[in-house]
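# Residue-level structural notes
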Amino acid sequence: MSGFTFLVLALVLLVGAAATLAIGWLRASETLTYVSAAASVAAGLCLPFAYAFSRAEAKRPVRPRDADEF
């Protein structure tokens, strides 16, 4: 998995958490509120992985391209 994948996953989890929180408030459901909190924590756990993988990708050596290759 790449850093970008973890970043997108974190964003999807945050959007899901916001939607679940809104629905939980509207329906006065404690369960949905707890699901929202868990999704937020999961998104927070994805961010260090996104950072670590993106740093690893940035440190990889890049192979020089030949002038004849396109």
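Just above, that's the structure.
We now turn to the structure provided with this report.

What counts, and at which threshold
Residue positions are given per chain, counted from 1 along the sequence in the order it is written. The predicted nature of this model means local features are confined to residues of pLDDT at least 70 and side-chain atom pairs, given and counted, to a pLDDT of 80 or more, with totals for whole chains, interfaces and linings taken over all residues. Processing note: side-chain calculations cover all non-hydrogen atoms of the structure and skip hydrogens and water entirely. Numbering goes from the N terminus for both helices and strands, where a helix is a DSSP run of H or I of at least four residues and a strand is a run of E of at least two. Accessible area is worked out with a 1.4 Å probe on protein chains only. A residue is then buried under 20% of its type maximum, exposed over 50%, and partly exposed in between. Two residues qualify as a contact provided that any one of their heavy atoms is within 4.5 Å of a heavy atom in the partner residue. Where accessible areas are quoted, they stem from the Shrake-Rupley method and a 1.4 Å probe; at the residue level, only the protein chains shown are allowed to cover. The span one expects for a helix is its residue count, reduced by one, times 1.5 Å. Put simply, a nonpolar core is a bunch of buried Ala, Val, Leu, Ile, Met, Phe, Trp, Tyr and Cys residues held in one set by side-chain atoms that sit within 4.5 Å of each other. Aromatic rings from Phe, Tyr and Trp, taking only the six-membered ring of Trp, are treated as a pair when their centres fall within 6.5 Å; an angle between ring planes under 30 degrees marks them as stacked, one over 60 as edge-to-face, and anything in between as tilted.

### Here's the deal with the overall build of the protein
- Tallying secondary structure elements over the protein gives two helices and zero strands in all.
- The 70 residues of the protein split such that 17% are buried.
- In the protein, once contacts between residues fewer than 6 apart in sequence are set aside, the share between residues at least 24 apart is 65%.
- When the accessible surface of the protein is summed, it comes to about 5,600 Å², and 70% of that surface belongs to carbon and sulfur atoms.

### Brief notes about helix α1 (residues 3–27)
- The end-to-end C-alpha distance of α1, which contains 25 residues, comes to 36 Å, matching closely the 36 Å that a straight helix rising 1.5 Å per residue would cover.
- Those residues of α1 lying buried are G3, F6, A10, A17, T20 and G24.
- A28 lies just past α1 and shows a positive phi near 55°.

### Overview of the nonpolar core
- Counting five residues, the largest nonpolar core consists of F6, A10, A43, C46 and A50.
- When contributions to this core are tallied by element, the ones reaching two or more residues are α1 and α2 (30–59).

### So, the side chain of T20
- Among the secondary structure elements, T20 is positioned in helix α1.
- Ignoring any residue separated from it by four or fewer positions in sequence, one finds T20 in contact with L32, V35 and S36.

### Examining unusual backbone geometry
- Positive phi is not limited to glycine here, since A28 has a value of about 55°.
- Tracing the chain through its elements places A28 in the loop between α1 and α2.

### Things to note about the packing of aromatic side chains
- Evaluation of the coordinates by the stated rule reveals two aromatic pairs.
- On the numbers, 5.6 Å between centres and 25° between planes, the contact of F6 with F49 is stacked. Of the two residues, F6 is situated in helix α1 and F49 in helix α2; the sequence distance between them amounts to 43 residues.
- Residue class for F49 comes out partly exposed when judged on its relative accessible area of 47%.
- Between the aromatic rings of F6 and F53, the centroid separation amounts to 5.4 Å while the plane-to-plane angle is 10°, which identifies the pairing as stacked. With F6 in helix α1 and F53 in helix α2, the pair connects residues that are 47 residues apart, well separated along the chain.
- Looking at F53, the relative accessible area reads 34%, which means it is partly exposed.
- By way of ring pairs, the aromatic residues F6, F49 and F53 are connected into one cluster.

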